[in-house]
Amino acid sequence: MNIVMAASEAFPFCKTGGLADVAGALSQQLAARKGNKVVLFVPHYRSIRRVSSLKVVPGVFYIPVGDRIEQVSLSYVNWGHVLVFFVGNRKYFDRAELYFTKNGEYVDNDERFILFSRAVLEGCKFVGFRPDIIHCHDWQAALIPAYLKTVYKLDAFFTRTRSVLTIHNLAYQGHYSYSSFEKAGFYPVDFTPDKFEYYGGMSFLKSGIVFADNITTVSPNYAKEVQTNPAMGCGMEGLLRYRRKNFYGIVNGINTDVWDPEIDTMLPMGYDAASFAKSKAIVKQQLQQETGLEENAKKPLVGVVSRLDYQKGLDMALGVMEKLHGKMQFVVLGCGDPMLEKQCRDLAKKYPKDIAYIGKLDEELAHRIYGGADLFLMPSRFEPCGLSQMISMKYGTLPVVSKVGGLVDTVTGYKDGGDNAAATGFFMSAINAGGILAALEKATSVYADKKTWNKLIKNAMLKDNSWDKSAEDYIDLYRKTVA
Ligand code: ADP
């Protein structure tokens, strides 16, 4: 199958979050399977300059945006089995950040991703790659299915092309005014509530949900939640229910080339499910040293690696951390909401022996937290899939999580007095401070019972959260889509 992946970020080229991990890893997984050719399109951001062996496709092509014609060039790199094209337009993509600066979102994000979406289609023609499937990710690429069914409907090049849209987080939808609809070049007759119109303006994500042949999101449980719970559906619940026969939940995997404690060179020493007992204690001790915490093997150490925003629920954990300090330790790596950052900083200053806060993006430290902590806290208010809980399990660091979204699909919760033969972590009974406190206290009591604790670690480390099954699920879906 000829597969085009269209995403606004892909690891290792450009990343702000989980979308990049998925777009990169899934492309490689699909391309490694026989019979698939995979071409990945991402914008040519300024950071792409650092990519080595970048080559240029000779020539340029043109995309209309509103009443202007924009010039687009393509650069490319062979990345494993995947051919990656970078969509170049200086005005739109040669910038310091991907989507926003500290002054807010780029005001022309609509134009930037209109251009990107249309350039993916024109780019396929430009390089002569006729896709069977175009797999689009999130609102930034969600206009592609809409173009295929409207402006490109009669284009012979795409006669056989079908589209799949994956929603990584329904909270981000790309809402713009009617003028964006005009700039995109769609037909005014299609500006109706059953197609593009959304409360008087247009919604990029809605357009994708309406027009994609099939739609997925990143876990089966989140797929259910967004159809039934308006707080999760963010206004799209009715439309998603309407499209339920074409709406699937496929859980993400983690990239085990990057996340594997046995081969992880960022850890002071490696370990596996048979050898973790001694080695993990050393990794913990070094993490305590590195972050200035009291070196204490007895206190359970709780790690957090997270964006600091409302979704992730860390605001609910601050009081709990204060209450439990002395009995437990906490290392928080994360940035985002300035208010939350300040609260974390203040807490760490007040209890330096037990609470450490590092307010930046730090890939290496993240590895050492996943490896050195005993528990990993993720009290998300909603969580489409979540990668961090899967990474922490791989590192034998037991997740303490809320019972939402993909956390339900990927963590097996410890049950008091129940059968814990497969347990890999702890669920909060409620999404509030009390729920976090009770779950951490429960985890602390199990921590004291080394036999059970070690069994849980083993379960977590041996749980298969690789891409193998999910990549097969996507291929099955593509087959269904083109059939
Ligand atoms: P989301 O995509 O909603 O932010 P996920 O759990 O799906 O959450 O993925 C988060 C990814 O970003 C993980 O790989 C996590 O390790 C990483 N990450 C988050 N914050 C930081 C940070 N401050 N430093 C390094 N990595 C981080």
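Each value, and the rule that gives it
- Residues numbered from 1 in each chain as written.
- Predicted model: local features only at pLDDT ≥ 70, side-chain atom pairs only at ≥ 80, totals over all residues.
- Heavy atoms only, no water.
- Helix = DSSP H or I, 4+ residues; strand = E, 2+ residues; numbered from the N terminus.
- Rg over C-alpha atoms; globule rule 2.2 N^0.38 Å.
- Buried < 20%, exposed > 50% of the residue type's maximum accessible area, 1.4 Å probe, protein only.
- Contact = heavy atoms within 4.5 Å.
- Areas by Shrake-Rupley, 256 points an atom, 1.4 Å probe, with all protein chains shown as cover.
- Lys, Arg positive; Asp, Glu negative; His and termini not counted.
- Charge placed at Lys NZ, Arg CZ, Asp CG, Glu CD.
- Near = heavy atom within 4 Å.
- Polar contact = N/O pair within 3.5 Å; in protein donor to acceptor, adjacent residues only side chain to side chain.
- Pairing = 2+ DSSP bridges.
- Axes fitted to C-alpha atoms, helices over the stretch in contact; angles between N-to-C directions.
- Patch = residues over 30% accessible without salt bridge, like charges linked within 9 Å, V, L, I, M, F, W, Y side chains within 5 Å.
- Salt bridge = Lys/Arg side-chain N within 4 Å of Asp/Glu carboxyl O.
- Parallel < 35°, antiparallel > 145°, perpendicular 65-115°, else oblique.
- Nonpolar A, V, L, I, M, F, W, Y, C, P; charged D, E, K, R; others polar.

Caption draft 1: Up close: the overall build of the protein. The helix and strand inventory of the protein stands at 19 helices and 21 strands. For 483 residues, the compact-globule formula gives about 23 Å, and the C-alpha radius of gyration of the protein, at 23 Å, lands near that figure. Each of the three principal axes of the protein carries a C-alpha extent, and together these read 65 × 45 × 45 Å. Across the 483 residues in the protein, those meeting the buried criterion constitute 59%. Sequence-distant contacts in the protein: of pairs separated by 6 or more residues, those separated by 24 or more amount to 72%. Accessible area of the protein: about 19,900 Å², with a carbon and sulfur share of 54%. Computing the positive centroid from 58 side-chain charges and the negative centroid from 51, the protein places the two 2 Å apart.

Caption draft 2: Spatial organisation of the site of the ligand. Neighbouring the ligand are 20 residues; G18, R307, K312, K360 and Y370 lie closest to it. Within the side chain of K312, one N or O atom sits 2.9 Å away from an oxygen atom of the ligand. Protein burial of the ligand: of its 570 Å² of free accessible surface, 91% is covered by the chains. Taken together, the elements giving at least two residues each to the shell around the ligand come down to α1 (18-31), α14 (363-372) and α15 (388-394). The element best represented in the shell around the ligand is α14, accounting for three residues.

Caption draft 3: Spotlight on the sheet that holds strand β19 (residues 375-378). Strand order across the open sheet formed by six strands is β18-β17-β16-β19-β20-β21, with parallel pairing between neighbours. In this open sheet, the two edge strands, each paired with only one partner strand, are β18 (355-358) and β21 (426-427). When β19 meets strand β20 (residues 398-401), the two strands line up parallel, connected through four bridges. Counterpart to L377 in the pairing with β20 is V400. Sitting on the sheet, helix α18 (residues 450-462) is in contact with β19, β20 and β21, with an inclination near 90° to β20.

Caption draft 4: Here's a closer look at the sheet that holds strand β13 (residues 201-203). The antiparallel open sheet is built from three strands, whose spatial order is β11-β13-β12. A strand with exactly one partner marks an edge of an open sheet, and here the two such strands are β11 (175-176) and β12 (197-198). Both β11 and β13 contribute to a ladder of two bridges, which runs antiparallel. Each bridged residue has a counterpart across the sheet, and for Y176 the counterpart in β13 is M202.

Caption draft 5: Geometry of a nonpolar patch on the surface. On the surface, V60, Y62 and I69 cluster together into a nonpolar patch covering about 300 Å² of accessible area. As for its placement among the helices and strands, I69 is situated in strand β5 (residues 68-79).

Caption draft 6: Fine view of the side chain of R95. Along the polypeptide, R95 turns up in the loop between α2 (90-93) and β7 (100-101). Side-chain polar atoms of R95 contact the backbone oxygen of Y92, separated by 3.4 Å. Setting aside anything within four residues of it in sequence, one finds R95 in contact with R46, Y106, D108 and R112.

Caption draft 7: Inspection of the environment of S203 at higher detail. Following the sequence through the fold, S203 ends up in strand β13. Separated by 64 residues in sequence, S203 and W139 have C-alpha atoms that sit 8.4 Å apart. What S203 contacts, discounting residues up to four positions off in sequence, is Q173, G174, H175, F196, Y198 and M236.

Caption draft 8: Quick look at the packing of α1 against helix α19 (residues 468-482). Axis separation between α1 and α19 bottoms out at 10 Å; the angle between their running directions is 70°. By the angle class used here, α1 and α19 are roughly perpendicular. Residue-level inspection shows L26, Q29 and L30 of α1 in contact with α19, the latter providing D468, A471, Y474, I475 and Y478. In terms of residue class, the contact of α1 with α19 is made up of six nonpolar, one polar and one charged.

Caption draft 9: Highlighting the side chain of T216. With respect to the helices and strands, the residue T216 is situated in strand β14 (residues 214-217). Judged by relative accessible area, which is 0%, T216 ranks as buried. Look past the residues within four positions of T216 in its chain and what remains in contact with it is V164, L165, T166, I167, F247, Y248, I250, Y474 and L477.

Caption draft 10: Up close: the environment of R244. Residue position: R244 is located in the loop between α10 (237-242) and β15 (247-249). Taking relative accessible area as the criterion, R244 reaches 52% and is therefore assigned exposed. The spatial distance from the C-alpha of R244 to the C-alpha of F204 is 19 Å, given a sequence separation of 40 residues.

Caption draft 11: Representation of the pattern of salt bridges. Taken as a whole and judged by the stated rule, the model has 29 salt bridges. A salt bridge links E290 to R368; the shortest N-O distance between them is 2.7 Å. One end of the pair, E290, is in helix α11 (residues 276-291); the other, R368, is in helix α14, and 78 residues separate them in sequence. What makes R368 buried here is its relative accessible area of 18%. The partner of K350 in a salt bridge is E322, and the shortest N-O contact between them spans 2.9 Å. Taken as a pair, K350 in helix α13 (residues 338-350) and E322 in helix α12 (residues 318-324) lie far apart in primary sequence, 28 residues in all. Using a relative accessible area of 54% as the deciding quantity, one classes K350 as exposed. Under the relative-accessibility criterion, E322 is labelled partly exposed at 27%.

Just geometry here; none of it tells us what the structure is for.
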